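Take a look at the letters that make up each chain.
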Amino acid sequence: MSRKKKTVEEIKNEVKEAYAELETGLQELMTSEKYLNFLNTMAERPKYSLNNTLLIYLQKPEATFLAGYGKFQEKYGHQVQQGEKGIKIFAPIIHKKKDNVLLEDDEESKKKEESTIVGYRMVRIFDISQTKPIMEKTEEGNEIPCKKAQRLIDSLSYLKLIDLWAGDEEFQEELVAATKDAIDIPVLEEELSPELGGYFRFNDKDKLDIVINSNFGITSRFTTLLHEWTHYRLHNPYNKNGGETEGIPEKIEKQDKEIQAESVAYIVAKHFGINSSSDSLKYVASWSKGKDLKDLKKSMEIIKRTAATFLSLIHISEPT
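An account of the accompanying structure is given in this report. (Residues numbered from 1 in each chain as written. Predicted model: local features only at pLDDT ≥ 70, side-chain atom pairs only at ≥ 80, totals over all residues. Heavy atoms only, no water.)

**Some points on the packing of helix α1 (residues 8–30) against helix α3 (residues 50–59)**
Operational definition: Interaxial angle, 0 to 180 degrees, is taken between N-to-C directions of lines fitted to C-alpha atoms, where a helix line uses only the stretch in contact. Secondary structure counts use DSSP, requiring at least four H or I residues in a row for a helix and at least two E residues in a row for a strand, with both numbered from the N terminus. Throughout this description, any angle smaller than 35 degrees is read as roughly parallel, any larger than 145 degrees as roughly antiparallel, any in the 65 to 115 degree range as roughly perpendicular, and the remainder as oblique. By definition, residues are in contact when any of their heavy atoms lie within 4.5 Å. Side-chain classes follow a simple rule in which Ala, Val, Leu, Ile, Met, Phe, Trp, Tyr, Cys and Pro form the nonpolar group, Asp, Glu, Lys and Arg form the charged group, and the remainder, Gly included, forms the polar group.
Here α1 crosses α3 at 75°, and the two axes come no closer than 10 Å. The orientation of α1 relative to α3 falls into the category roughly perpendicular. Across the interface between the two elements, Ala-18, Tyr-19, Glu-21, Leu-22, Gly-25, Leu-26 and Leu-29 from α1 touch Asn-51, Leu-54, Leu-55, Tyr-57 and Leu-58 from α3. In the contact of α1 with α3, the residues fall into nine nonpolar, two polar and one charged.

Next comes the structure, spelled out in structure tokens:
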């Protein structure tokens, strides 16, 4: 049965309703104890936009592996089960424009295509828990998952091993080393007072560095390193941070800085299976009290973008 095509007005209304749900959902997250749960969702899917991450969390917080109906069939060999309700997310409406362009040192005119996002529509994706593998028969007549389905099953089983790797000190040492390599200022390990995990030192604009407490355990050193890297990236008074300035106000309160640094550290550590359970994040409700929704969302965008950047810069080999 073919679906009735939606009108432009219907698409606009659907998007408008989704944005209203986002605003309500974000406000509830920032004034409750659910903030850490949402950071867990961010850690699992750093490539999704903040808006889509929030929509996924609000509709199916337990989701693990997501794809569209057709992609599950064609690429992953899984069939969405009958009656399953998809998860609504935003998808860009792209306008493609072709122009005749005369290329340099070329007498002939060639087509140049430009893509522009002209709006958004709602599409539905599904979690793997809503699907079943497409089966095929062996020569002996037994039913087994098709090759595409088995590849996905194997890869997901392999990814779950990260929870086991996370407790391995050798793996965490490699994480610390990879993170140090990703940071473009010196990282020093020194004996500090027991209550101090580390700090970003910026007394001299030409001699910036990060210091972490060498007496701390490997997990604490890793999360502290991520925390101080965030301060360097976002709160550097000399703006020598690789140009990370988008959306960041010139003046920012100390509590705002700490929430951002702790949130980024939590997301990145959680992505690698390490649960830092930061105590300071328990005070998000009081931190967000009285803040404008627009400012809260802007801060979350900064946290999301910074965590995704860090994850793209940390190159870690697979443990054996």
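**Side note on the packing of helix α7 (residues 169–182) against helix α8 (residues 218–235)**
Definition in use: Handedness of each helix crossing follows the sense of rotation of the near helix against the far helix: counterclockwise by less than a right angle gives left-handed, clockwise gives right-handed.
Running from N to C, α7 and α8 cross one another at 20°; their axes reach a closest spacing of 9 Å. In terms of orientation, α7 and α8 fall into the roughly parallel class. Of the two elements, α7 crosses α8, and the hand of that crossing is left-handed. Within the contact between the two elements, α7 uses Glu-169, Gln-172, Glu-173, Leu-175, Val-176, Thr-179, Lys-180 and Ala-182 and α8 uses Ile-218, Thr-219, Arg-221, Phe-222, Leu-225, Leu-226 and Trp-229. When its residues are assigned to classes, the contact of α7 with α8 shows eight nonpolar, three polar and four charged.

**Structural notes on the packing of aromatic side chains**
Operational definition: Ring pairs shown here join Phe, Tyr and Trp side chains whose ring centres sit within 6.5 Å, with only the six-membered ring taken for Trp; geometry is labelled stacked below 30 degrees between planes, edge-to-face above 60, and tilted in between. Classification of residues uses two cut-offs on accessible area relative to the type maximum, computed with a 1.4 Å probe and protein chains only: under 20% is buried, over 50% is exposed, and between them is partly exposed.
A full pass over the atoms with the stated rule returns ten aromatic pairs. When the centroid spacing of 5.2 Å and the interplanar angle of 40° are considered together, the rings of Phe-200 and Phe-202 count as tilted. Given the relative accessible area of 8%, Phe-200 is considered buried. Counting every residue linked through ring pairs, the aromatic cluster contains Tyr-19, Phe-90 and Tyr-120.

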